[in-house]
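Chain by chain, the residues run as shown.
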Amino acid sequence: MENFEPEIVAFCCHYCAYTAADMAGSKRISYPPNVKIIRVPCTGKVDAIHIMKALEKGADGVYVAGCLEGDCHFKNGNTRAGYRVEHVQKYLEELGWETERVAMMNMSAGMGEFFARTALEFTQKIKQLGPSPIKRINIDKSQKAVG
Ligand code: FES
């Protein structure tokens, strides 16, 4: 799996992580193109089903990036998102998946470098884990069909 390039979905809060990603771009700080950003008005809008759907549709890793603790513009959306991520991690554990495929991150709008660094670190982590179990099943099926 040397050539494996993971597909990562990042649900980013409009007020912080999305702006941080924008700042990284304007400062010409690059981050892996593997990370596909979905802008949300607040991470409190990200439900467990959204994370599971992203994994079902082929994401190898998903993270939710919200405002710093106590800075959510909608009071506690980021805290609720953190609980949901933990809930999904427990569910993945029951399924036998690596729980590290899902993560919660917190940052402010001014943390462009941090956004880029965490995007890189998360991508590297997922690269080490390899394709998601759903992809592995599909790879096995296609290899059996050919062989
Ligand atoms: Fe950013 Fe709620 S407004 S996480």
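Our subject is the structure listed above.
Read on for a plain summary of the structure. (Residues numbered from 1 in each chain as written. Predicted model: local features only at pLDDT ≥ 70, side-chain atom pairs only at ≥ 80, totals over all residues. Heavy atoms only, no water.)

### A short note on the packing of helix α1 (residues 17-26) against helix α4 (residues 112-129)
- Where α1 contacts α4, the two axes come as close as 7 Å, and the packing angle between them is 95 degrees. Here α1 lies roughly perpendicular to α4, going by the angle between them. Contacts between α1 and α4 involve Ala17, Ala20, Ala21, Met23 and Ala24 from the first element and Gly112, Phe115 and Ala116 from the second.
- A per-class count over the contact of α1 with α4 returns 7 nonpolar, 1 polar and no charged. (Axes fitted to C-alpha atoms, helices over the stretch in contact; angles between N-to-C directions. Helix = DSSP H or I, 4+ residues; strand = E, 2+ residues; numbered from the N terminus. Parallel < 35°, antiparallel > 145°, perpendicular 65-115°, else oblique. Contact = heavy atoms within 4.5 Å. Nonpolar A, V, L, I, M, F, W, Y, C, P; charged D, E, K, R; others polar.)

### Comments concerning the pattern of salt bridges
- Counted by the stated rule, this structure contains 8 salt bridges.
- Here lysine 135 makes a salt bridge to aspartate 60, at a shortest N to O gap of 2.8 Å. Here lysine 135, found in helix α5 (residues 133-146), pairs with aspartate 60, found in the loop between α2 (48-56) and β3 (61-66); they are 75 residues apart in sequence, far enough to count as distant. Pair check on accessibility: lysine 135 and aspartate 60 agree, each one buried.
- For arginine 136, the salt bridge identified is with glutamate 98, shortest N-O distance 3.2 Å. With arginine 136 in helix α5 and glutamate 98 in the loop between α3 (77-95) and β4 (102-106), this pair connects stretches of sequence that are 38 residues apart.
- One network of salt bridges, in which partners are shared, links Glu7, Asp60 and Lys135. (Salt bridge = Lys/Arg side-chain N within 4 Å of Asp/Glu carboxyl O. Buried < 20%, exposed > 50% of the residue type's maximum accessible area, 1.4 Å probe, protein only.)

### Things to note about the sheet that holds strand β1 (residues 8-13)
- Pairing in this open sheet of 4 strands is parallel, and the strands run β2-β1-β3-β4 from one edge to the other. Strands with a single pairing partner mark the edges of an open sheet, and in this sheet they are β2 (35-40) and β4. The sheet shows a mean angle of 20 degrees between the axes of neighbouring strands, direction not considered.
- Together, β1, β2 and β3 form the strand contacts of α1, whose direction differs from that of β1 by roughly 110 degrees.
- Along the sheet, α2 makes contact with β1, β3 and β4, crossing β3 at roughly 145 degrees. (Pairing = 2+ DSSP bridges.)

### A look at the nonpolar core
- Counting 19 residues, the largest nonpolar core has Tyr63, Ala65, Met107, Phe115 and Phe122 as its most contacted members.
- Of all elements in the fold, only β1, α1, β3, β4 and α4 reach the threshold of two or more residues within this core.
- Sequence-distant contacts of tyrosine 63, defined by excluding residues within four places in its chain, comprise Ile8, Val9, Ala10, Phe11, Val35, Ala103, Met105, Phe115, Ala119 and Phe122.
- Of all hydrophobic cores here, the second largest spans 17 residues; its members include Val9, Leu55, Val64 and Val102. (Core = buried A, V, L, I, M, F, W, Y, C linked by side-chain atoms within 4.5 Å.)

### Description of the packing of α2 against α3
- Contact geometry for α2 and α3: axes closest at 9 Å, N-to-C directions at 45 degrees. Taken as axis vectors, α2 and α3 run oblique relative to one another. Crossing of α2 against α3: the hand is right-handed. In contact with Ala48, Ile51, Met52 and Leu55 of α2, α3 contributes Arg84, Val85, His87, Val88, Tyr91 and Leu92.
- Classifying every residue of the contact of α2 with α3 gives 8 nonpolar, 1 polar and 1 charged. (Left-handed = near helix turned anticlockwise from the far one by under 90°.)

Geometry only, nothing functional implied.
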